[in-house]
Every structure is written in structure tokens, then in C-alpha cells.
Amino acid sequence: MRELLEQLNASLIEVVSKLEIKGYLFPYFKEQIIPETVVKTADLIRAFSTLKVTQSDHPAEVKAESVNFGVYPLADLRYKSVLTPDELRAWERISGDLPTAVAGKIQRGLAYITLTQDKLIAKAFTGSISHPAYPSGTFSVSFGTPASVSWSASDDFINKLTDGINKIRSKGFGGKLRLFVGRTAFHRILSDSTLSTLLTAQSIAGSFVAGESNLIVLGVEIIPAFIEVDGSPLVADNRAYLVAEDSIVNVYGLPNLINAQPVKYQPVIVYNEHDLQGAEIVVASRYLPVAFVEGIVEYQLS
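Residues numbered from 1 in each chain as written. Predicted model: local features only at pLDDT ≥ 70, side-chain atom pairs only at ≥ 80, totals over all residues. Heavy atoms only, no water.

1. A word on the overall build of the protein chain
Alright, step 1. When helices and strands are tallied, the protein chain shows 7 helices and 19 strands.
Alright, step 2. Relative to its 302 residues, the protein chain shows a buried fraction of 49%.
Alright, step 3. Within the structure as shown, the protein chain displays about 14300 Å² of accessible surface, and the carbon and sulfur contribution to it stands at 50%. (Helix = DSSP H or I, 4+ residues; strand = E, 2+ residues; numbered from the N terminus. Buried < 20%, exposed > 50% of the residue type's maximum accessible area, 1.4 Å probe, protein only. Areas by Shrake-Rupley, 256 points an atom, 1.4 Å probe, with all protein chains shown as cover.)

Rendered as C-alpha cells:
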């Protein structure tokens, strides 16, 4: 059994690299893979050209004195699924190729982890993350408090958006800006009188899909982010977050596994302590969306 598990494990990382991995929020942000279980924000700034970006044709660098530096642990994310003795034998017979049943379990594990990553990013928008930890307890980090803008029903959306843009640019964050919006915030944008001409001209009313948008206002892409994960929307109904693309970095480290490698997602087969003839497949990721809150503005609807 040990030799079989070692043989099957040897091919799994390559298998995962070929699987399609989708998400709603994390694909919008750059990533960094490190051989660690903690991340230093100072190292990210030194390593990333992301934090030395362009605003139109004009260079813009993040002002070091405006950024909160810290050392943060990476969250241990994992998904377990049982492999039966029959599935293991079938896998052995086809010389390491991935059986459909096993591929499906890995895909479900990846889906679970990527949805969890989306949830962590949505929480990072607020400046802090609190999430159930593996195997118990709570994983918590705090990056600081983003700037906030109040937004009442009588306010002009263009003016409010301009306020947020100015707050972010004044901190030295260049690059693309996106507004991730909850359901109520999204409907308020669509009903704003100052945008009615634009909406008519682009013929986009009602054409949005969560995670996709073709509405750009003042160079800001409007992203509906009210897809529900575990029964709650990624972004609350009465909230919107203006986010510079450089203000969130997807950091991946060493999964909490034997023989772990610094990869985004690592699957491994381990003994099933409840069934010595079978095994468990574990899909793991050591991950943290590091937030530079100086590049984020929270809109609170009233």
C-alpha cells in the first residue's frame, strides 16, 4: 500500500496544474508563491512590480510610509474525501492516469478551496479576516481599516466614486480600480440618474453576471459581487468596495502536509485511519489574501 500511495502521489501536482480552476474574486488580483507559512508585507513590496504601477502614462509608486507593514500567518485550507479500495485498485490498473471518480473528488476539493479563497478576499476588503480554522478554532488577521465613504440615496454616484478614487490615488496606488458591489449597491448604481444615458448607450441593463461586468465608469470597472457562498453574499447588500488591483495580493505558501511544496494547491493521498484498505485524498492550500488597506475604500449605503 505504501508504495502505491507514493506512486500515485508523485503524479498529483502535475494533474492539478492541468485542471481548470475558477473563482469570482481572486482572479482579479496578482499572486505570489513563497516557501513559507508566514508572509511579510515588506517582502511583497520589494518583490512585486505590482506595487510600482502606472496611472495612465504617469508612473505611480506606493508611498512606503503610507503602507502598514506586518507579518501574517497563512491560512491552512483543506478538503478531505475518502478513496475506497476499489478506486485505488482501479487507479493502479490504469498506470497512474486519473480515474473519473478520483478527478471528480479533486475537482470538488479545488472548488471548495477556491470558494473559501473568495470569501477570505471579500473579508480582506473590510481590513480584517476571521474564519474557521483547521482543524478547530478561528483564523484571524487584521490589516488595518480602509477609508470609508457614506452614500445616501440622494447622493450623486459620480461624485461619490470620484471621492473614493481620490482617496486611493492620494496614497500612491496606481493601476486599475474596480468597484465590487453588493446587491443593493448595484441596483442603486443602475438607477442613478447621472448614469441613465450611459446605461442606455451601452445597452447593458440586466446583462450582468456575478464576476463579470461590462460597465466602466470613470475608468472603474463595476463588478457585481453578491454571489452567495455558504448562504451569504461575498459582499453585503449595502456595501461596495473600491479596490486598487495592487492592494490585494494572493499569497500561497507551504501547505501543512508531509513533503509539502510551495504550490497554490497540493493534493495528497494519505492512509485512512478508519479503513486500512482505503485512503483519503486531501486537497490543501496555504493561502492569505494580503490587503494593503490604503488602496481600498469602503462604501456604506444608507
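2. Looking at helix H6 (residues 183-191)
Alright, step 1. When H6 is considered as a whole, its buried residues turn out to be Ala-185, Phe-186, Arg-188 and Ile-189. Down the axis of H6, the smallest arc covering the buried residues is 160°, so these residues share one side.
Alright, step 2. Buried residues along H6 sit against strand S9 (147-151), helix H5 (157-169), strand S10 (177-181), strand S12 (220-224), strand S15 (239-244) and strand S19 (296-301). (Arc of directions from axis to C-beta. Contact = heavy atoms within 4.5 Å.)

3. Describing the nonpolar core
Alright, step 1. Among the nonpolar cores identified, the biggest contains 80 residues, and Phe-143, Leu-179, Phe-180, Ile-222, Leu-242 and Leu-288 are the most heavily contacted of them.
Alright, step 2. No other element matches helix H4 (residues 100-125), which puts 9 residues into this core.
Alright, step 3. When near neighbours in sequence (up to four residues on either side) are disregarded, Phe-180 contacts Leu-25, Tyr-28, Phe-29, Phe-125, Ile-223, Ala-225, Val-235, Arg-239, Ala-240, Tyr-241 and Val-243. (Core = buried A, V, L, I, M, F, W, Y, C linked by side-chain atoms within 4.5 Å.)

4. Considering H4
Alright, step 1. Compared with the 38 Å implied by 1.5 Å per residue over 26 residues, the 37 Å span of H4 between its first and last C-alpha is a close match.
Alright, step 2. Note on H4: the residue one or two positions beyond its end, Gly-127, has a positive phi of about 105°. (Expected span 1.5 Å × (residues − 1).)

5. Some remarks on the sheet that holds strand S11 (residues 216-217)
Alright, step 1. Taken in spatial order, the 6 strands make up an open sheet running S9-S19-S15-S10-S12-S11, and their pairing is mixed. Because the sheet does not close on itself, it has two edges, and the strands there are S9 and S11.
Alright, step 2. Pairing analysis gives 5 bridges linking S9 to S19, with the strands arranged parallel. Across the sheet, Ser-150 pairs through a bridge with Gln-300, a residue of S19. (Pairing = 2+ DSSP bridges.)

6. Section: the packing of aromatic side chains
Alright, step 1. The final tally for this structure, using the stated rule, is 12 aromatic pairs.
Alright, step 2. Taken together, a centroid distance of 6.0 Å and an interplanar angle of 75° make the contact between Trp-151 and Tyr-299 edge-to-face. Of this pair, Trp-151 sits in strand S9 while Tyr-299 is found in strand S19, placing the two residues 148 residues apart along the sequence. Grouping residues by exposure puts Trp-151 and Tyr-299 together as buried.
Alright, step 3. Taken together through their ring pairs, the aromatic side chains of Tyr-28, Phe-29, Phe-125, Phe-180 and Tyr-241 make up a single cluster.
Alright, step 4. The ring of Trp-151 has Arg-188 lying over it, and the distance from NZ or CZ to the ring centre is 5.7 Å. (Phe/Tyr/Trp six-rings, centres within 6.5 Å; stacked < 30°, edge-to-face > 60°. Lys NZ or Arg CZ within 6 Å of the ring centre and 35° of its normal.)

Honestly, it's all geometry; don't read function into it.
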